[in-house]
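Topology and contacts: notes
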Amino acid sequence: MAVIEFLGIKISFKNLPLYDPGYIPLALFNREFLKQATKPVSVCVERNGGLRTVYDTFITGTNTEADQYYVERLVKYLLWARGGFKVYICGDEGIAAYIRDTYSPTGKRAFDSSFMAKVYESPFDALYLPLSEKPPGNEQSKSIGGKTAGCRIGFDAGGSDRKVSAVIDGDVVFSEEVVWHPKTMTDPDYHFDGIVEALRKAASKMPRVDSIGVSSAGIYIDNRTMVASLFLKVSPEDFEKKVKDIYIRAAKEIGDVPLAVVNDGDVTALAGTIEFGDNNVLGIAMGTSQACGYIDENGNIKGWLNELAFVPLDASPDAMEDDWSGDIGCGAKYFSQDGVIKLAGKAGISFDESLPPGEKLKIIQEMLKNGDNSDVIRDIYRSIGVYLGHTLPYYWDFYRFKHVLLLGRVMSGEGGNIILDTAKSVIADEYGGYSFNIHMPSEKSRRVGQSVAAASL
């Protein structure tokens, strides 16, 4: 049993990741904090078209440092899970002023505010309102996928490999996985040529192509790339010229056929609805980063960002820093190949530093498969399972999902089974009362399931 005091809040828990003993589950901090919180406040984030998410909660009103930390992490969660360029803090002027300063161009969360301003093409702002003037929530949803008729191509653009599938009337007739390195390449023609090569190969396996569906990390509007880490090294000038319409141009190389480009997280969730014939699914793909998506109880998507890779889950002041946003303790460094590599380093496993992260992950997977140092490797995967077990209840508080589907390279092989079993044990041990199902598809679907699901877009 670990007992930790953080910002005056005492937290006790039974399950710690062996190779990350300083880890503090944010879910448990929130649980203990809210036991002491009696002052009602509400946080509202507003995005395009007047859509709003409202989250009602409480602060202590006396422990200022803990109140500020709790609300700031909540704002961060809502911005990346839901999206928004305007934040309303209702019920406490002091907290509102703190959030405004923190998310200002010179504040600790300047990256987040500037990112949201870019995505929604509106200036970012944080405002105070009395609780009585809290804006009403305003959500919408739209249908996604589920189409099987005809000859369809599904393409999944991962950070370490790209997958493509050819599907005829719902039957997969061809799937392929090819290693590539899009995040390190400055020339967008590298990306374009790789995409076209995959599409052409799938097209060659069918008598015709009726549609193309693309699953890709990032934010897409009308099939255009607004923000995407796959093109991290591409210059702003080349991004505007060659990346914004990269999938539109690539599809035209195949012919004049319908195209749908969707965030890879939502396609992960769609793969879940296909896998078990039910809705209300949170999909999590653990690969180069952490991709997430959500299909609601009606089989629709909400237009939320669902970028849980940037949602905090670890309250430790010494948590690993994300090299893009500069924040610490966020999902990208826990549920990805970076998370495996981080833990491997703490376990004393060294790598040739010239190797890309995907190759380092393969070494760990081969060590487990071959029984090399297997106890240590198993403890690495158990540590990720502990992270997941503490984090899924935290996600559930905001999504209320019925199913979780786990995909991606990190979940491949025996390591995925260890993660799943450990997460289930932690949830039962620490979080009684949560009732949702955690699933993994077949081994092949863990790797190429997104490309197959993309074909139904």
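Structural data are supplied above this passage.
Report follows, based on the coordinates. (Residues numbered from 1 in each chain as written. Predicted model: local features only at pLDDT ≥ 70, side-chain atom pairs only at ≥ 80, totals over all residues. Heavy atoms only, no water.)

Re the sheet that holds strand β15 (residues 281-286)
The cut-off we apply is this: The rule for pairing is simple: two strands pair if DSSP sees at least two bridges between them. Segments assigned H or I by DSSP are reported as helices when at least four residues long, segments assigned E as strands when at least two residues long, and all are numbered from the N terminus. As a rule, the C-alpha atoms of each element are fitted with a line to give its axis, helices using only the stretch in contact, and angles between N-to-C directions run from 0 to 180 degrees. Throughout, a residue-residue contact means that at least one pair of heavy atoms, one from each residue, lies within 4.5 Å.
With respect to topology, four strands assemble into an open sheet ordered β16-β15-β18-β19, the strand pairing being mixed. With one partner strand each, in any of the chains shown, β16 (290-295) and β19 (437-439) form the two edges of the open sheet. With strand direction ignored, the average angle separating the axes of adjacent strands in the sheet is 15°. As judged from the six bridges shared by β15 and β16, these two strands associate in the antiparallel manner. Paired with Ile 284 across the bridge in β16 is Cys 292. Running at roughly 140° to β15, helix α11 (residues 374-399) makes contact with β15, β16, β18 (403-407) and β19 of the sheet.

Some details on the nonpolar core
Rules: To qualify as a nonpolar core, a set must consist of buried Ala, Val, Leu, Ile, Met, Phe, Trp, Tyr and Cys residues joined through side-chain atoms within 4.5 Å. Classification of residues uses two cut-offs on accessible area relative to the type maximum, computed with a 1.4 Å probe and protein chains only: under 20% is buried, over 50% is exposed, and between them is partly exposed.
Of all hydrophobic cores here, the largest spans 100 residues; its most connected members are Tyr 395, Tyr 399 and Leu 406. The leading source of residues in this core is α11, at twelve residues. If we skip the residues at most four places from it in the chain, Tyr 399 touches Tyr 77, Ala 81, Arg 82, Asn 280, Leu 282, Tyr 294, Trp 304, Asn 306 and Leu 308. Counting 33 residues, the second-largest nonpolar core is a separate cluster that includes Ala 202, Tyr 220, Ile 246 and Leu 259.

Structural notes on the packing of helix α1 (residues 26-35) against helix α2 (residues 64-81)
Counted only if it meets this: Angle categories are assigned with fixed cut-offs, so that under 35 degrees is roughly parallel, over 145 is roughly antiparallel, 65 to 115 is roughly perpendicular, and the rest are oblique. Should the near helix be turned anticlockwise from the far one by less than a right angle, the crossing is left-handed, and should it be turned clockwise, the crossing is right-handed. Classes in brief: Ala, Val, Leu, Ile, Met, Phe, Trp, Tyr, Cys and Pro nonpolar; Asp, Glu, Lys and Arg charged; the others, Gly included, polar.
Axis separation between α1 and α2 bottoms out at 11 Å; the angle between their running directions is 130°. Comparing their axes, α2 and α1 come out oblique. Crossing geometry of α1 relative to α2 is assigned as left-handed. Two secondary-structure elements touch here, α1 through Leu 26, Phe 29, Asn 30, Phe 33 and Leu 34 and α2 through Ala 66, Asp 67, Tyr 69, Tyr 70 and Arg 73. Residues belonging to the contact of α1 with α2 are distributed by class as follows: seven nonpolar, one polar and two charged.

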